[in-house]
4 protein chains.
Amino acid sequence: MSHNTFGHLFRVTTFGESHGVALGCVVDGCPPGIAIEAADIQAELDRRKPGQSRFTTQRREPDQVRILSGVFADDRTGGVQLTTGTPIALEIENTDQRSKDYSEIRDSYRPGHADYAYDAKYGIRDYRGGGRSSARETAARVAAGAIARRVLPADIVIRAALVQMGPHAVDRSRWDWDEVARNPFFCPDAETAKFYEEYLDGIRKDGSSIGAVIEVVAEGVPPGLGAPIYGKLDADLAAAMMSINAVKGVEIGDGFASAALRGEENADEMRSGNAGAPTFLANHAGGVLGGISTGQPLICRFAVKPTSSILTPRMSVTTNNRDVDLVTKGRHDPCVGIRAVPVAEAMMACVLADHYLRHRGQVGTRDRE
Amino acid sequence: MSHNTFGHLFRVTTFGESHGVALGCVVDGCPPGIAIEAADIQAELDRRKPGQSRFTTQRREPDQVRILSGVFADDRTGGVQLTTGTPIALEIENTDQRSKDYSEIRDSYRPGHADYAYDAKYGIRDYRGGGRSSARETAARVAAGAIARRVLPADIVIRAALVQMGPHAVDRSRWDWDEVARNPFFCPDAETAKFYEEYLDGIRKDGSSIGAVIEVVAEGVPPGLGAPIYGKLDADLAAAMMSINAVKGVEIGDGFASAALRGEENADEMRSGNAGAPTFLANHAGGVLGGISTGQPLICRFAVKPTSSILTPRMSVTTNNRDVDLVTKGRHDPCVGIRAVPVAEAMMACVLADHYLRHRGQVGTRDRE
Amino acid sequence: MSHNTFGHLFRVTTFGESHGVALGCVVDGCPPGIAIEAADIQAELDRRKPGQSRFTTQRREPDQVRILSGVFADDRTGGVQLTTGTPIALEIENTDQRSKDYSEIRDSYRPGHADYAYDAKYGIRDYRGGGRSSARETAARVAAGAIARRVLPADIVIRAALVQMGPHAVDRSRWDWDEVARNPFFCPDAETAKFYEEYLDGIRKDGSSIGAVIEVVAEGVPPGLGAPIYGKLDADLAAAMMSINAVKGVEIGDGFASAALRGEENADEMRSGNAGAPTFLANHAGGVLGGISTGQPLICRFAVKPTSSILTPRMSVTTNNRDVDLVTKGRHDPCVGIRAVPVAEAMMACVLADHYLRHRGQVGTRDRE
Amino acid sequence: MSHNTFGHLFRVTTFGESHGVALGCVVDGCPPGIAIEAADIQAELDRRKPGQSRFTTQRREPDQVRILSGVFADDRTGGVQLTTGTPIALEIENTDQRSKDYSEIRDSYRPGHADYAYDAKYGIRDYRGGGRSSARETAARVAAGAIARRVLPADIVIRAALVQMGPHAVDRSRWDWDEVARNPFFCPDAETAKFYEEYLDGIRKDGSSIGAVIEVVAEGVPPGLGAPIYGKLDADLAAAMMSINAVKGVEIGDGFASAALRGEENADEMRSGNAGAPTFLANHAGGVLGGISTGQPLICRFAVKPTSSILTPRMSVTTNNRDVDLVTKGRHDPCVGIRAVPVAEAMMACVLADHYLRHRGQVGTRDRE
């Protein structure tokens, strides 16, 4: 990961600001011959799209994606649009950029926001809607993720869910992946989802916001993906998730809970399996050992802090270093963690696609052994 | 981070296995003119060196470092050895490689270890002492970190401490950085350190092991370091820490606790400061906003799982997929988190040195504004 | 350089095919605070634009550039549009994509073209106008180069010229940089330019094409740019120029002629200079020694082969491996080297901008010496 | 290529100075399961080793290589030493570092040498024997190349030869690859080799030096290697060869001669081949079209300037900017191009190994088409 690009063989470069002309990405290194239509990408974008319930920002963006390059359909391929192996550029125009008075956030630093940090770094800042630091950038990740999913073998299933809002965790005994699509929180526990509705309404009406924890799981990942020591699968996942806006912590498998475990509790025992590969009796490791996938479900969780854009006045300073009490008006997510769910899936897909190609590059079919 | 290299401008490539000829690293991109002696690096290595108390592995390795290249001393520099801007190769010979019978770990997979994952990936595995997946590799990081510290402005202070062993966290009201050097646990709380002594003795005598949490803090970091969106300072830190052996979770500032916070609690309020920069009234963010340092202390914590090499028999399989009950003999750390403390400081130093140079490259003195 | 990205700190990623929706690039790592308007970029693009004389392809493309991101203008900057340090995406729509019958180049491989190589690699090929392998891609480089020029100190002057067409070299005693803008060949020698007019008309009327040699010179480059051993300034230039379509050779300074020189002829002698830096008495080295700039003019030349798209029938095969005699109709450049002149300047600018930032990153002001 | 590392999947990082403790490299990304012994690498190093005839430097260096990591032999592999997929560190100690008076080159800049450029860049310079800019660094490349050869399919044959010394080119009608090993010039033409003997003796006795041209050819390269647009096979080759000490020009296939060709001359015609692939009737392209290999022999040539270290006094300046007339004593190659021959093969092997793995990564077996 470097500046605005991530991935080594499956490389994604994103661009764009919240209120600029357009945002998008260039996906480089995609294998040729993969069928992909704009509609496939659009379907993923629609899951992340704002304004779908009262629990996300009321900004109305169609988030319509255009494929500018890297695909081709002709008679020889039966008219099916396929990737060609050249860079795939995706573009999403910004349409709902309200022309409003930005002078407040232009001249002051919103506490908890990147405003001050950007000014300290660059000496200039596109303050309209947060500019480059806006969560709007994650639309480009979701678009790239839609391609990454198709690079991976079809039996890899990547799903994410919101597992905690504020202090309220889901009841894992009620976990139902199908439930995730049925409520506005991507919550796998119907009962807790119902509770969240009332809970988040309260937060929203207070003009406040709340944090969340997201869990993303990849099943069907073959053993052997990952590139130790500094391209470890879990290290790349950690960076990928931490790079999502407002994320403050990432864990794999038992994560922080493993600090309290004894060796015999933590060791995932094995028994001989049918297909020659061992069967694991537990998955404290979350599907990765020594930075390499084990074939068990790959499990990653991350914490999202509450949106800093709230209606409660906070003490801050102006860009001229004068004291000010600031209220952030505008359209904001009361729980920005919610829309991080499809983003998490996209980042998982991109990291796996990259490691899938890297593994094939280094190890191939091992025909020279 | 890619395979065995990390960093973009300050780049570290490590090599070596636990029981091979030697291990070491090449530090590329180091600025010229920095005074460095082998003794400076040795001092850091000695903090990580095994066999210093009964609480770490009894392997006896002097971990003597040799500088092979990249430095030069002559009359013109008053005989002071300086970096020249060319790659600095550091080498540590392995000396205490016991010639023992490795057949057990050769033919079986230790549960919780990388054994199976390495075989699944590469079809071959240097099983002696864990090979490349051994925590011995972290010696190279510590050596690189000693150079990284000198690349950074002298007023940046990087320190780490063990803040939790098993379920037992330190009492932060008793935090004393000076205490860290006085006990074998790098623990900042003298009282808890005393407790750990007895506690870990119990673990050790049981032939078991235990997890830990490490906290690493960098003070004096100037605002503006970090390269959004995919070279965020916190994303690079997350990858760096997650790449350390046995780490299962990383958090910045309030980390996972921020999921339970409301927006007004989480927003680090500001008041006008003396030097033109704002004064922050809290540091929930852990010194980084939008992936860029704010000038506040940079705070990172990570969880280390318990060593899987334990004397309690665990169910496993052989490389031929037959059931076996395995006991891992040999010299092992009952709490591998302890020796992760100097490693954490080294990784923090390397990440900061890289971003310090990257920032200088992109933004420089901003003389063209 | 890797896949569709080049540069280390000043990074350019290009995308797009000859007859796709659009082409463009993302320029990442650009310093903040640099004034840039679309018109500045357009001016460079217009120099490369096809259809400006009868000596280039008759395809009519306005090559209108749009800046999608990475710049911002507001009251605080007096309304001047400045770079913000975030990625600058540039887009050029394709407008003159003739809907024609492509079946000939779809089913056959043009000799000397990338057709066969693309099919051999990817198993699929966007054959419309050459797809990704079309020289149309160089428009994106020229756009990026326009930004690179502004990253460099203002006293660096980058100029290129066509110095040979077919076997006919210019007369260097008549070299006049101002002449380059006055003829359709970017030729610095008015008399030879006149000759080229008639000469190329003959080639064109024959339905043939011809090769060329381009020279690009950067003056005012400060000494010290370059990153040995594998980021040598001349190695990066060699890759940059060789990556331009149809280029088959690159040389620096005396280039291939230096093979015939004796040591005493080749050594660029020095005398003490006024400003503390030496004065060079010759420039066989072409401004670079040991991969690092010396402060002398940086001189690079490259050979461009003749366009393979010609009206003379050539023996070839179909994609089904059947013999065919092929004539390439369509709009083509009789001397594709001509339009490589602004591309050469752009690539020189990008390489220098990258090394300028890299040098500043690693060495900075050397305040720690 | 970046600083001291080159390659994307097959990555080589070199370190070391001419008179430092040791030099060497780390080869990262090597596939597992490849049989390699130190003796295999030594055989290649011995071809480059100095002091083997009166036509190369008289420095006596055994150039003994040690493998520090990344390989493993045990019962399971029948005792054969195999690569493990982890980084392979190779080390060559410097032994013949004459303790001599270096004050002359310490205080003055040798014309044509990197002395001034290094000082201008870094403000410090290891002047002993040229430090990092010494051709001694190429030993590390040759060592890496020995591994790269084994990564490639066995039917790829890489050979290089000296084809011109001073103005004297070989007679290609007498080309005999077997002859290359029989004379001290790696010359494929026995008669010209005889001539070179007398010719170079004259140069040497004059205390002068002379340039050369080297040609490197890879046969059996499968079509499809290369990664357009900025990872073109020829662009990577150009950078690789240009990064070799004293190289001033690189060309592919007909190279600079193609500037004088007409389209119909340059187009490599094709006829249907037996194995489904076309047969090419010519190879002006040198085996690469659009940056991708065509299956024809890959042909690359480069020019090496004469060594600047000569006994004829040359005008120069001291580091204090005072005029001086300089004679470079010491042990030097009268034609440094000679020893570039095995280096050229090594760089070709490394570039091909990298692209072989990259192609396998991106395109694999195309099983998803």
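Residues numbered from 1 in each chain as written. Chains lettered and ligands numbered in written order. Predicted model: local features only at pLDDT ≥ 70, side-chain atom pairs only at ≥ 80, totals over all residues. Heavy atoms only, no water.

Looking at helix α1 (residues 38–48) of chain D
All names here are of chain D.
Inference 1: Here α1 has its buried residues at I41, Q42, E44, L45 and R48. The arc that holds every buried residue of α1, seen down its axis, measures 165 degrees, which confines them to one face.
Inference 2: Buried-residue contacts for α1 involve β4 (65–67), β7 (88–93), α4 (138–151) and α8 (340–362). (Buried < 20%, exposed > 50% of the residue type's maximum accessible area, 1.4 Å probe, protein only. Helix = DSSP H or I, 4+ residues; strand = E, 2+ residues; numbered from the N terminus. Arc of directions from axis to C-beta. Contact = heavy atoms within 4.5 Å.)

Some details on the relation of the copies chain B and chain A
Inference 1: For these two chains of identical sequence, chain B goes onto chain A by a turn of 180 degrees and a shift of 0.0 Å along the axis, with RMSD 0.0 Å. What the rotation and shift describe, once combined, is the action of a two-fold rotation axis.
Inference 2: A shared binding surface is used by both copies, with 99% of the interface residues of chain B retained as interface residues in chain A. (Least-squares fit on C-alpha atoms with pLDDT ≥ 70 in both.)

Section: the interface of chain A and chain D
Inference 1: Across the boundary between the two partners, chain A contributes 24 residues, which contact 24 residues of chain D.
Inference 2: Note on chain A versus chain D: buried area summed over both sides is about 1,800 Å², and carbon and sulfur give 48% of it.
Inference 3: Viewed at the interface, chain D and chain A are joined by zero salt bridges.
Inference 4: Our count for the chain A to chain D interface comes out at 10 residue pairs in polar contact (both at pLDDT 80 or more).
Inference 5: Mapped by element, the contributors of at least two residues to the side of chain A that touches chain D are α4 (138–151) and α8 (340–362) of chain A.
Inference 6: With four residues, the single largest contributor to the side of chain A that touches chain D is α8 of chain A.
Inference 7: Across the side of chain A that touches chain D, the residue classes break down as 11 nonpolar, seven polar and six charged. (Buried area = accessible area lost by both parts, 1.4 Å probe. Salt bridge = Lys/Arg side-chain N within 4 Å of Asp/Glu carboxyl O. Polar contact = N/O pair within 3.5 Å; in protein donor to acceptor, adjacent residues only side chain to side chain. Nonpolar A, V, L, I, M, F, W, Y, C, P; charged D, E, K, R; others polar.)

What about the relation of the copies chain A and chain D?
Two chain copies here: they are related by a rotation about an axis and a translation along the same axis.
Inference 1: With an RMSD of 0.0 Å, the fit of chain A onto chain D corresponds to turning through 180 degrees and sliding 0.0 Å along the axis.
Inference 2: Comparing interface residues between copies, 100% of those in chain A also sit at the interface in chain D, which points to an isologous, same-surface contact.

Regarding the interface of chain B and chain A
Inference 1: On the side of chain A, 116 residues touch chain B, which itself brings 116 residues to the contact.
Inference 2: Together chain B and chain A conceal approximately 9,200 Å² of surface at their shared face, both sides included; 57% is due to carbon and sulfur atoms.
Inference 3: Taken together, the links from chain B to chain A amount to eight salt bridges.
Inference 4: Note that R271 of chain A is salt-bridged to D325 of chain B, the shortest N-O span being 3.3 Å.
Inference 5: Put simply, chain B and chain A have 58 residue pairs in polar contact (both at pLDDT 80 or more) between them.
Inference 6: Among the elements that make up the side of chain B that touches chain A, the one with the highest residue count is helix α3 (residues 115–122) of chain B (seven residues).
Inference 7: Among the residues forming the side of chain B that touches chain A, the class breakdown is 53 nonpolar, 37 polar and 26 charged.
Inference 8: Where strand β11 (residues 247–252) of chain A lies against strand β11 (residues 247–252) of chain B, three bridges are found, and the strand directions are antiparallel. Paired with G249 of chain A across the bridge in β11 of chain B is E251 of chain B. (Pairing = 2+ DSSP bridges.)

Considerations on the side chain of E137 of chain D
Inference 1: Within the secondary structure layout, E137 of chain D lies in the loop between α3 (115–122) and α4.
Inference 2: A distance of 2.8 Å separates the side chain of E137 of chain D from the side chain of R141 of chain D, its partner in a polar contact.
Inference 3: Those residues in contact with E137 of chain D that lie beyond four places of it in its chain are I229 and Y230 of chain C together with T14, R132 and N245 of chain D.

Looking at the sheet that holds strand β10 (residues 212–219) of chain B
Inference 1: Sheet architecture is open: 10 strands sit in the order β9(A)-β8(A)-β10(A)-β16(A)-β11(A)-β11(B)-β16(B)-β10(B)-β8(B)-β9(B), paired in antiparallel fashion. Only two strands of the sheet have a single neighbouring strand rather than two, namely β9 (168–169) of chain A together with β9 (168–169) of chain B.
Inference 2: Across the sheet, helix α6 (residues 233–242) of chain B lies against β11 of chain A together with β10, β11 and β16 (298–304) of chain B, angled at about 155 degrees from β11 of chain B, the strand it touches most.
Inference 3: Sitting on the sheet, helix α8 (residues 340–362) of chain B touches β8 (157–165), β10 and β16 of chain B, and the angle it makes with β8 of chain B is about 140 degrees. (Axes fitted to C-alpha atoms, helices over the stretch in contact; angles between N-to-C directions.)

Some remarks on unusual backbone geometry
Inference 1: Following P228 of chain A, the chain continues into I229 of chain A via a peptide bond in cis, with omega recorded as 10 degrees.
Inference 2: Summarising the element assignment, I229 of chain A is placed in the loop between β10 (212–219) and α6 (233–242).
Inference 3: For D63 of chain C, which is not a glycine, the phi torsion comes out positive at approximately 50 degrees.

Here we look at the environment of I203 of chain B
Residues and elements named next belong to chain B.
Inference 1: With respect to the helices, strands and loops of the structure, I203 is situated in helix α5 (residues 190–205).
Inference 2: The class for I203 is buried, based on a relative accessible area of 2%.
Inference 3: In sequence terms I203 and P334 are 131 residues apart; their C-alpha atoms lie 7.0 Å from each other.

With respect to the UniProt feature "binding site: FMN" (unreviewed entry) in chain A
Inference 1: UniProt's feature table lists "binding site: FMN" (unreviewed entry) at R132, S133, S134, N245, A246, G290, K305, P306, T307, S308, S309 and R331 of chain A, given in the numbering used throughout.
Inference 2: T307 of chain A sits in the buried class, given a relative accessible area of 13%.
Inference 3: T307 of chain A has contacts with S209, D333, P334, C335 and V336 of chain A together with G263 of chain B, leaving out every residue within four places of it along the chain.
Inference 4: Topologically, S308 of chain A is positioned in the loop between β16 (298–304) and β17 (314–317).
Inference 5: Those residues within four positions of S308 of chain A in sequence are excluded, and the remaining contacts are P111, G112, H113 and T328 of chain A.
Inference 6: Engagement of the side chain of S308 of chain A in a polar contact is seen with the backbone oxygen of G112 of chain A, the distance being 3.0 Å. (UniProt positions renumbered as here; feature names shortened; annotations may be inferred.)

Description of the pairing of strand β17 (residues 314–317) of chain D
Residues and elements named next belong to chain D.
Inference 1: The pairing of β17 with strand β18 (residues 323–326) spans four bridges and is antiparallel. Pairing of M315 across the sheet is with D325, part of β18.
Inference 2: In this antiparallel pair of consecutive strands, β17 and β18, the connection spans five residues, and N321 shows a positive phi of 65 degrees.

Focus: the environment of A267 of chain C
Inference 1: Mapped onto the fold, A267 of chain C is located in the loop between α7 (263–266) and β12 (270–271).
Inference 2: On the accessibility criterion, A267 of chain C (4% relative accessible area) is buried.
Inference 3: It is 29 Å that separates the C-alpha atoms of A267 of chain C and P167 of chain C, two residues lying 100 residues apart in sequence.
Inference 4: With near-sequence residues (within four places) excluded, A267 of chain C lies in contact with P111, G112 and R314 of chain D.

Remarks on the UniProt feature "binding site: NADP(+)" (unreviewed entry) in chain A
All names here are of chain A.
Inference 1: Sequence positions flagged by UniProt for "binding site: NADP(+)" (unreviewed entry) are, in local numbering, R48 and R54.
Inference 2: Aside from chain neighbours lying at most four places away, what touches R48 is D63, A135, R136, T138, A139, V142, R339, P342 and V343.
Inference 3: Within the secondary structure layout, R54 lies in the loop between α1 (38–48) and β4 (65–67).
Inference 4: When neighbours within four sequence positions are excluded, R54 is seen to be in contact with E197, D201 and R204.
Inference 5: A polar contact of 2.6 Å, which involves the side chain of R54, links it to the side chain of D201.

Here's the deal with the sheet that holds strand β1 (residues 5–6) of chain D
Residue and element names in this part refer to chain D.
Inference 1: Ordered by their spatial adjacency, five strands build an open sheet running β1-β2-β3-β7-β4, and the pairing between neighbours is antiparallel. Across the chains shown, the open sheet's two edge strands, defined by having one partner strand only, are β1 and β4.
Inference 2: With five bridges connecting them, strand β2 (residues 11–15) and strand β3 (residues 22–28) associate as antiparallel partners. In the sheet register, T14 faces β3, and the bridge partner there is C25.
Inference 3: α4 contacts β2, β3 and β7 of the sheet and is inclined by roughly 30 degrees relative to β3.

Some details on the pattern of salt bridges
Inference 1: The tally for this structure, following the rule as stated, stands at 144 salt bridges over all chains.
Inference 2: R66 of chain C is the partner of E91 of chain C in a salt bridge, and the nearest nitrogen-oxygen pair spans 2.9 Å. With E91 of chain C in strand β7 (residues 88–93) and R66 of chain C in strand β4 (residues 65–67), this residue pair connects regions lying 25 residues apart in the sequence.
Inference 3: Residue R66 of chain C is classed as partly exposed on the basis of its relative accessible area of 31%.
Inference 4: Notably, a salt bridge pairs R149 of chain D with E345 of chain D, separated by 2.5 Å at the nearest N-O pair. Highlighted residues: R149 of chain D in helix α4 and E345 of chain D in helix α8, separated in sequence by 196 residues.
Inference 5: Overall, the relative accessible area of 3% leaves E345 of chain D in the buried class.
Inference 6: Put simply, R66, E91 and E93 of chain A together with R66, E91 and E93 of chain C are held in one network by salt bridges that share partners.

So, the packing of aromatic side chains
Aromatic ring pairs are described here by two measures, namely the spacing of the ring centres and the angle between the planes.
All names here are of chain D.
Inference 1: Per the counting criterion, the structure on display carries 45 aromatic pairs over all chains.
Inference 2: Residues F55 and F185 carry aromatic rings whose centres are separated by 4.8 Å and whose planes lie at 50 degrees to one another, so their mutual orientation is tilted. Taken together, the residues F55 in the loop between α1 and β4 and F185 in the loop between β9 (168–169) and α5 (190–205) connect sequence positions 130 residues apart.
Inference 3: For F55, a relative accessible area of 2% translates into the label buried.
Inference 4: For F185, a relative accessible area of 0% gives the class buried. (Phe/Tyr/Trp six-rings, centres within 6.5 Å; stacked < 30°, edge-to-face > 60°.)

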